[in-house]
Amino acid sequence: IKQDGDDGSFSAVFATFDVVDHDGDVTKPGAFAEGAEVVVGSWGHKAHDLPVGKAIIRADRKEARIDGQFFLNTEAGRETYQTVKNLGALQEWSYIFMPTRVSFGEFDGHDVVRFLEEVQVFSVDPVLAGAGIDTRTTGIKGLGDAGEALLAEVLVYGERVKSRAAFRAKEGRVLSTANVSR
């Protein structure tokens, strides 16, 4: 997992083609609209929660992935980003969809499977355990060392300002207008 950059961008595989998934479906190459923009939903498909990012669907003959960006300016986006980053290879992905073209038949020793030939994707979400096979985060960018150091300094400075303001308040004084602005 990459840790450079500062925009919350990531990539993830959310579907593998021509394998029976844990729901008994076989997703076919071409099932997804290449370049479609989708919502990145909250952890575990909680559709009642606000989205945590957005992404673009990409696919080849083997798997479908998203190239996305977490909303780091929201609490839910930051928390999900940090969780996905911390889980690394343990992170799985899933998607909420509506099949628009399916067929049924035998596949790889299974008597009856549903072939997902075309689907409309509503969201792709980080989950504990997805129905898809070999779903995973393939890249994620964070604040990086310089950004982390700067953030740490800003937090220390903020605490110092609070401390000085509290100290002055005990003496019946306040920070000057110039210091408040700074």
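Heads up: the structure comes first, above all this text.
By convention here, each chain's residues receive numbers from 1 onward along its written sequence. Thresholds applied to this predicted model are a pLDDT of at least 70 for local features of residues and 80 or more for the giving and counting of side-chain atom pairs; totals over whole chains, interfaces and linings are not thresholded and use all residues. Hydrogens and water molecules were not included; the side-chain quantities draw on all heavy atoms of the structure.

Enquirer: So what exactly am I meant to see when it comes to the overall build of the chain here?
Expert: Looking only at helices and strands, the chain has three helices and eight strands in total. Taken from the N to the C terminus, the helices and strands of the chain come in the order β-β-β-β-β-α-β-β-β-α-α. Residues classed as buried in the chain amount to 35% of the 182 residues present. A separation of at least 24 residues holds for 66% of the contacts in the chain among residues at least 6 apart in sequence. What counts as a helix is a DSSP run of H or I of at least four residues, what counts as a strand is a run of E of at least two, and both are numbered from the N terminus. Think of it in three bands: with a 1.4 Å probe and only protein chains considered, a residue is buried below 20% of the maximum accessible area for its type, exposed above 50%, and partly exposed in between. Whether two residues are in contact is decided by their heavy atoms: any pair within 4.5 Å suffices.

Enquirer: What exactly am I supposed to notice about the environment of Phe-97 here?
Expert: Its location among the elements puts Phe-97 in strand β6 (residues 92–107). Judged by relative accessible area, which is 25%, Phe-97 ranks as partly exposed. Note: C-alpha distance between Phe-97 and Ser-123 (26 residues apart in sequence) is 7.3 Å. Every residue in contact with Phe-97, bar those within four places of it in the chain, is listed here: Asp-25, Arg-114, Leu-116, Val-119, Gln-120, Val-121 and Phe-122.

Enquirer: Sorry if this is basic, but what is going on with the packing of aromatic side chains here?
Expert: Any two aromatic rings considered together are summarised by their centre-to-centre distance and by the angle between their planes. Two aromatic rings, drawn from Phe, Tyr or Trp (for Trp, its six-membered ring), form a pair once their centres lie within 6.5 Å of each other, and the interplanar angle then sorts them: stacked below 30 degrees, edge-to-face above 60, tilted otherwise. Tallied over the full model, the rule gives nine aromatic pairs. Both rings, one in Phe-32 and one in Tyr-95, keep their centres 5.4 Å apart while their planes meet at 75°; by these two values the pair is edge-to-face. Within this pair, whereas Phe-32 is found in the loop between β2 (25–27) and β3 (37–40), its partner Tyr-95 is found in strand β6, the two being separated by 63 residues in sequence. An aromatic cluster of at least three residues, connected via ring pairs, comprises Phe-14, Phe-17, Phe-32, Tyr-95 and Phe-97.

Enquirer: Help me understand the side chain of Ser-11, please; the structure alone is not making it clear to me.
Expert: For Ser-11, the location among the structural elements is in strand β1 (residues 9–16). Engagement of the side chain of Ser-11 in a polar contact is seen with the side chain of Thr-138, the distance being 2.7 Å. Ser-11 has contacts with Ile-66, Asp-67, Thr-137, Thr-138 and Gly-139, leaving out every residue within four places of it along the chain. Polar contacts here mean pairs of N or O atoms no more than 3.5 Å apart (in protein, one a potential hydrogen donor and the other a potential acceptor; neighbouring residues in sequence count only if both atoms are side-chain atoms).

Enquirer: I would appreciate a short explanation of the nonpolar core in the present structure.
Expert: Generally speaking, soluble globular proteins have nonpolar side chains that are buried together. Nonpolar cores are built from buried Ala, Val, Leu, Ile, Met, Phe, Trp, Tyr and Cys residues. Side-chain atoms within 4.5 Å join them into one set. By size, the foremost hydrophobic cluster in this structure holds 24 residues, and its most contacted members are Phe-14, Phe-32, Ile-66, Phe-70, Trp-93 and Tyr-95. Of all the secondary structure elements, the ones that give two or more residues to this core are β1, β3, β4 (53–59), β5 (63–70), α1 (75–87), β6 and β7 (110–127). Residues Val-20, Val-26, Phe-107 and Val-113 belong to the second largest nonpolar core, which totals five residues.

Enquirer: What's the story with the pattern of salt bridges in this structure? I'm lost.
Expert: Oppositely charged side chains can pair when the atoms bearing their charge come close. The rule for a salt bridge is simple: a side-chain nitrogen of Lys or Arg has to be within 4 Å of a carboxyl oxygen of Asp or Glu. Applying the stated criterion to the full structure yields nine salt bridges. Ionic pairing is found between Glu-63 and Arg-136, a salt bridge with its closest N-O pair at 3.1 Å. On the criterion of sequence distance, the pair formed by Glu-63 in strand β5 and Arg-136 in strand β8 (residues 136–140) is long-range, its members being 73 residues apart. The class of Arg-136 is partly exposed, set by a relative accessible area of 22%. The salt bridge partner of Glu-117 is Arg-101, with a shortest N-O separation of 3.3 Å. Taken together, the positions of Glu-117 in strand β7 and Arg-101 in strand β6 put the pair 16 residues apart, joining distant regions of the chain. Owing to a relative accessible area of 23%, Glu-117 belongs among the partly exposed residues under this scheme. Owing to a relative accessible area of 42%, Arg-101 belongs among the partly exposed residues under this scheme. A cluster of three or more residues bridged by salt bridges with shared partners is formed by Glu-34, Arg-58 and Asp-67.

Enquirer: Got a minute to help me understand the pairing of β3 in this structure?
Expert: The side chains of a regular strand alternate, residue by residue, between the two faces of the sheet. Strands qualify as paired when DSSP identifies two bridges or more between them. Relative to β4, β3 runs antiparallel, the two being bridged by four bridges. Paired with Val-38 across the two strands is Ala-55, which belongs to β4. Taken together, the two bridges between β3 and β7 define a ladder with parallel strand orientation. Bridge pairing in β7 links Val-40 to Val-124.

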